[in-house]
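Summary of structural features
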Amino acid sequence: MKIEHQAAFSLGASDLEPGLFFETAASRLAAGGRAVSYFAVPEAGAWRLVMAVAFDREGRLEAYSTRAEGPFRALTPAFPQLHLFEREIYEQSGLKPEGHPWLKPVRFNTAGAVPGVADYFAVHGSQVHEVAVGPVHAGVIEPGHFRFQCHGEKVFHLEIMLGYQHRGLEKRFIGGPGARCLRYAETLAGDTSAGHAWAYCGAVEALAGVNVPPRAQALRGLLLELERLANHTGDLGALAGDVAYLPTSSFCGRLRGDLLNMTALVCGNRFGRNMFKPGGVSFDLDPALIKELKLRLEAAYRDVQNAVSLLWETASVRDRFEGTGVVPKEAAEGLGLVGPAARASGVGLDTRRNFPSEPYQGFTLGVSGSGDVYSRAYVRWLEIQKSAELVTGWLDALPEGPSETECGALKPESAAVSLVEGWRGQICHVALTDASGVFRHYKITDPSFHNWQGLALALRNGEISDFPLCNKSFNLSYCGRDL
Amino acid sequence: MEIVKPLLQFLAAALLAPLLPGVINRVKAFFAGRKGRPLLQLYYDLAKLLRKTPVYSRTTTWVFRAGPLLGAAALVTALALLPFAGRPSFLSFDGDFIFLLYLLGLARFATVLAALDTGSAFEGMGASREMQFAVFAEPAFFMGLASLARVTGQTSLAGMFGALTGGTWSTAAPVLALLTASFFLVLLAENSRVPADDPDTHLELTMIHEVMVLDHSGPDLAYILYGAALKLWLFAALIGSTVLPRHSGSWAGDSALFLLMMFGLAAAVGVVESVIARLRLTKVPYMLITAFAFSALALIFQMGR
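Residues numbered from 1 in each chain as written. Chains lettered and ligands numbered in written order. Predicted model: local features only at pLDDT ≥ 70, side-chain atom pairs only at ≥ 80, totals over all residues.

1. A closer look at the overall build of chain B
Counting secondary structure elements, chain B contains eleven helices and zero strands. Along chain B, helices (α) and strands (β) appear in the sequence α-α-α-α-α-α-α-α-α-α-α when read from the amino end. A compact globule built from 305 residues would reach a C-alpha radius of gyration of about 19 Å, and chain B, at 19 Å, matches this within 12%. The principal-axis extent of the C-alpha atoms belonging to chain B is close to 55 × 45 × 45 Å. Residues classed as buried in chain B amount to 51% of the 305 residues present. Looking at chain B alone, contacts between residues at least 24 apart form 80% of all its contacts between residues at least 6 apart. (Helix = DSSP H or I, 4+ residues; strand = E, 2+ residues; numbered from the N terminus. Rg over C-alpha atoms; globule rule 2.2 N^0.38 Å. Buried ≥ 20, exposed ≤ 12 C-beta atoms within 10 Å, placed from the backbone. Contact = placed C-beta atoms within 7 Å.)

2. Brief notes about the packing of helix 5 (residues 96-117) of chain B against helix 6 (residues 121-152) of chain B
Residues and elements named next belong to chain B. Where helix 5 meets helix 6, the axes come as close as 10 Å, and the angle between the chain directions of the two elements is 180°. In terms of their interaxial angle, helix 5 and helix 6 are classed as roughly antiparallel. Where helix 5 abuts helix 6, its residues Phe-97, Leu-101, Arg-108, Val-112, Ala-115 and Leu-116 lie against Glu-123, Gly-124, Gly-126, Ala-127, Glu-130, Met-131, Ala-134, Glu-138, Phe-141, Phe-142, Leu-145 and Ala-149. (Axes fitted to C-alpha atoms, helices over the stretch in contact; angles between N-to-C directions. Parallel < 35°, antiparallel > 145°, perpendicular 65-115°, else oblique.)

3. Observations regarding unusual backbone geometry
Following A:Glu358, the chain continues to A:Pro359 via a peptide bond in cis, the omega torsion being 0°. Within the secondary structure layout, A:Pro359 lies in the loop between helix 12 (351-354) and helix 13 (373-396). A cis amide bond, omega 10°, links B:Val194 with the succeeding residue B:Pro195. Tracing the backbone shows B:Pro195 in the loop between helix 8 (166-190) and helix 9 (218-243). Positive phi values are uncommon outside glycine, yet A:Asn461 reaches one of about 65°. Position of A:Asn461 among the secondary structure elements: in the loop between helix 14 (447-459) and helix 15 (467-474). Classification of A:Asn461 as exposed rests on a count of 9 C-beta atoms within 10 Å.

4. Here we look at the nonpolar core
Residues B:Ala78, B:Val186, B:Ala189, B:Ala229, B:Trp233, B:Ala236 and B:Leu288 are the most contacted members of the largest nonpolar core, which totals 250 residues. The element contributing the most residues to this core is helix 9 of chain B, with 17 residues. Taken domain by domain, the makeup of this core includes at least three residues from each of domain 1 (2-98) and domain 2 (176-429) of chain A. Other than its neighbours up to four places away in sequence, B:Ala189 contacts B:Phe133, B:Ala137, B:Ala196, B:Val284, B:Met287 and B:Leu288. (Core = buried A, V, L, I, M, F, W, Y, C linked by C-beta atoms within 7 Å. Domains from an automatic or database assignment.)

5. Observations concerning the sheet that holds strand 3 (residues 34-43) of chain A
All names here are of chain A. Strand order in the open sheet made by the four strands is 1-5-4-3, with antiparallel pairing throughout. Strands with a single pairing partner mark the edges of an open sheet, and in this sheet they are strand 1 (2-3) and strand 3. Examined bridge by bridge, strand 3 and strand 4 (residues 46-55) share nine bridges and lie antiparallel to one another. Residue pairing across strands places Ala-40 opposite Leu-49, the latter belonging to strand 4. The strands touched by helix 1 (residues 18-30) are strand 3, strand 4 and strand 5 (60-68); relative to strand 5, the strand with the most contacts, the crossing angle is about 150°. Sheet strands in contact with helix 2 (residues 83-93) are strand 3 and strand 4, and its direction is about 10° off that of strand 3. (Pairing = 2+ DSSP bridges.)

6. Focus on the sheet that holds strand 14 (residues 425-433) of chain A
Residues and elements named next belong to chain A. On the basis of which strands lie adjacent, the open sheet formed by four strands has the order 2-13-14-15 and antiparallel pairing. In this open sheet, the two strands that pair with only one neighbour each are strand 2 (9-10) and strand 15 (439-445). The sheet contact formed by strand 2 and strand 13 (residues 414-422) spans two bridges and is antiparallel. Note on strand 13: the bridge partner recorded for Ser-10 is Ser-414. Along the sheet face, helix 14 touches strand 13, strand 14 and strand 15 and points at about 135° away from the line of strand 14.

7. Some thoughts on the environment of A:Phe156
Topologically, A:Phe156 is positioned in strand 10 (residues 154-161). Note: C-alpha distance between A:Phe156 and A:Ala138 (18 residues apart in sequence) is 24 Å.

8. Regarding the domain arrangement of chain A
All names here are of chain A. Domain parsing of chain A yields domain 1 (2-98) and domain 2 (176-429). Listed by partner, the interface residues are 20 residues for domain 1 and 21 residues for domain 2. Listed by contribution, the elements that provide at least two residues to the side of domain 1 that touches domain 2 are strand 2, strand 3 and strand 5. Looking at which element gives the most residues to the side of domain 1 that touches domain 2, the answer is strand 3, with four residues. The residue makeup of the side of domain 1 that touches domain 2, split by class, is eleven nonpolar, seven polar and two charged. (Nonpolar A, V, L, I, M, F, W, Y, C, P; charged D, E, K, R; others polar.)

9. Re the interface of chain A and chain B
Facing the 26 residues of chain A at the interface are 24 residues of chain B. Only strand 8 (128-133), helix 7 (246-267), helix 9 (315-321) and helix 15 of chain A provide two or more residues apiece to the side of chain A that touches chain B. Ranked by residues supplied to the side of chain A that touches chain B, first place goes to strand 8 of chain A with five residues.

10. A short note on the environment of A:Leu285
Residue and element names in this part refer to chain A. Relative to the helices and strands, Leu-285 resides in the loop between strand 12 (280-281) and helix 8 (287-313). For the pair Leu-285 and Leu-395, spaced 110 residues apart in sequence, the C-alpha separation works out to 9.3 Å. Among all residues touching Leu-285, those that are not within four sequence positions of it are Leu-219, Val-266, Ile-290 and Leu-398.

11. Here we look at the pairing of strand 5 of chain A
Across a regular strand the side chains alternate sides, sitting on one face of the sheet and then on the other. Residue and element names in this part refer to chain A. Here two bridges tie strand 1 to strand 5, and the two strands are oriented antiparallel to one another. The residue of strand 5 that forms the bridge with Lys-2 is Glu-62. Pairing of strand 4 with strand 5, which is carried by nine bridges, proceeds in the antiparallel orientation. Its bridge partner lying in strand 5, Ala-52 is registered against Ala-63.

12. Here we look at the environment of A:Tyr360
Residues and elements named next belong to chain A. Structurally, the position occupied by Tyr-360 is in the loop between helix 12 and helix 13. On the neighbour-count criterion, Tyr-360 (18 C-beta atoms within 10 Å) is partly exposed. For Tyr-360 and Leu-390, which are 30 residues apart along the polypeptide, the C-alpha to C-alpha distance reads 8.8 Å. Setting aside chain neighbours within four positions, we find Tyr-360 in contact with Gly-221 and Arg-352.

13. Let's talk about the packing of helix 7 of chain A against helix 2 (residues 19-32) of chain B
Viewed as axis vectors pointing N to C, helix 7 of chain A and helix 2 of chain B meet at an angle of 60°, and their least axial separation amounts to 9 Å. Accordingly, the angle class assigned to the pair helix 7 of chain A and helix 2 of chain B is oblique. Considering the relative orientation of helix 7 of chain A and helix 2 of chain B, their crossing is right-handed. Contact with helix 7 of chain A, carried on its side by A:Leu246, A:Pro247 and A:Ser250, involves B:Lys28, B:Phe31 and B:Ala32 of helix 2 of chain B and no other residues of that element. Of the residues belonging to the contact of helix 7 of chain A with helix 2 of chain B, the class tally is four nonpolar, one polar and one charged. (Left-handed = near helix turned anticlockwise from the far one by under 90°.)

Rendered as structure tokens:
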């Protein structure tokens, strides 16, 4: 069933016979569709499987659902992009996807499961050795366990086991919306506050049937792009740091702070918390603040340009970036990668262009095709340029009018899919309401959920010493995936 | 008198060596627009570490405990062979440059054994990398010293650098220039500096030297850090004495010039680290093969002279 992005639809209307459901899903995915969400919802003693499929090129969104009581047909063998979704369904509902190649735990949140304790893939042979890294790491980063099957310096296989950050967030949304839901959305992946808060607000507004004033949408765009600017700048600095290239590494760290401080000027929080709310935004800009932001952006952008251009000009950095951690386009499409990681492999996928909504009308995107660390770095630079241009545009011509509107009760027995292009890639929130108009289920898909497998693939047949660099070039969220 | 000055030189080198990493760090901080850690940070670290109680894993044996001590002892002995500003060294005999190479080899052997003794996958990886790169670094260094012996007609380090004068540069400039380049590349690789290694990284999977010493703590770590500083001093002193051979001036004047040269070299290492990125691990051997080629070329030039 065709649905609209950020508009309520009736879940009942998407119901199909189980057999037809899997046939339809398979044919839609084969026709170039990409599963943006696939999950099981409890329903009258049984379960309902819901899948949302996006046709990015046409900007078309479809939703299908079916009732499921027992084992169901796994589509992973034909469509690897579903592998984690089906494992998640199995872990959360106990419905077994028949034919799934490997039902490893996703978040270890079933009774008796211990994070990290599972069957791992092992390569045998007298010269093969295994290197285990984490979940406790040398830097101040999130926990995750990485297992490499190596032959000398060469990596045959990397297995990534996460789940240590699982907090049971999705369940917290049930019974909402409420003030707390918004805070959960803002903090479910700390560096993507604006992205997830917007996706949450989008879902609520769709279910309430609210039209957000243009000024509020522009201000939201401003925060989302500032978040993108700050994170991409930080990432480029971190990439330089990983190859021990001092100048860019040290300057980008400071510049990221400058960009975060701009967000703090708008809403009082460096990560953009408390800005978004269903119906609009909490803080408006006055002319003095707009002037100040423009000055700061100009200065920060100039410095970023100087620091980052050193990366492309320095032969030793280029040599290190080029050809490292290649993810071919076919693999990126097969795994359903999103965001800069997908665009770096030549997949022209960007929610801002594919599903244009206010304030992103007429958006164009940058794709840089070879799938290596260099491309993933360069795509970030292209996006920094684009984001700076967008922010300048909005600051120059901010739509007049109110910055918020009343957001009423939600439509009962409905569902809505909300997509936002966060800095890491597409964020998808799916909200389902019950007969009384409160959330009966809330499904969050962070871009990291799709992309972790891309990192594993980037390392295949690579050098183990390149892992930190590849990892940084993806810079995925652990908590966003673990929820 | 001839025993006091060499002893003083030896003690001065042993005392001043931890200053070199401090200089490198300040230069790097300058390029990064930061203030940087104190010049004497390594001294503070050593003082702190020496007062700590080491922690040993149950899987390790005496090999692990002996490693740092043996490494530091080998390097202190090597330092005694080292001439200071072209003056006689504390310990010297014919052919002692081969002894120096073996002492460096012994230090490496002790570190690698200690790393393997932990049984950790990281340390094993580091040990394998260290040995792999040593295969390329040692011949380059040996060949360099051999051609220096050929240039000066001496086989002791003190003899070689004592015979080296400004005049040698006017007659054998290409040889000495090639040797300087070769020694500098070997210095960068042997002391885990950029572009061969990154001394500041926390990423175990990319490390070479640092990953081998992850399990050492307290005084053991102090010995390792001190040993690393001595090794840096050693290589820098060889380069310094080649570039700026003995002037017939006073002992004090020569010494001051030599020290200035040492800090200049540390600054040069800092500049190199600030302007280029680290090499891909598989390309480090290329850099060392280049060093070997420089040394070999120097020897060939010298033979044909």
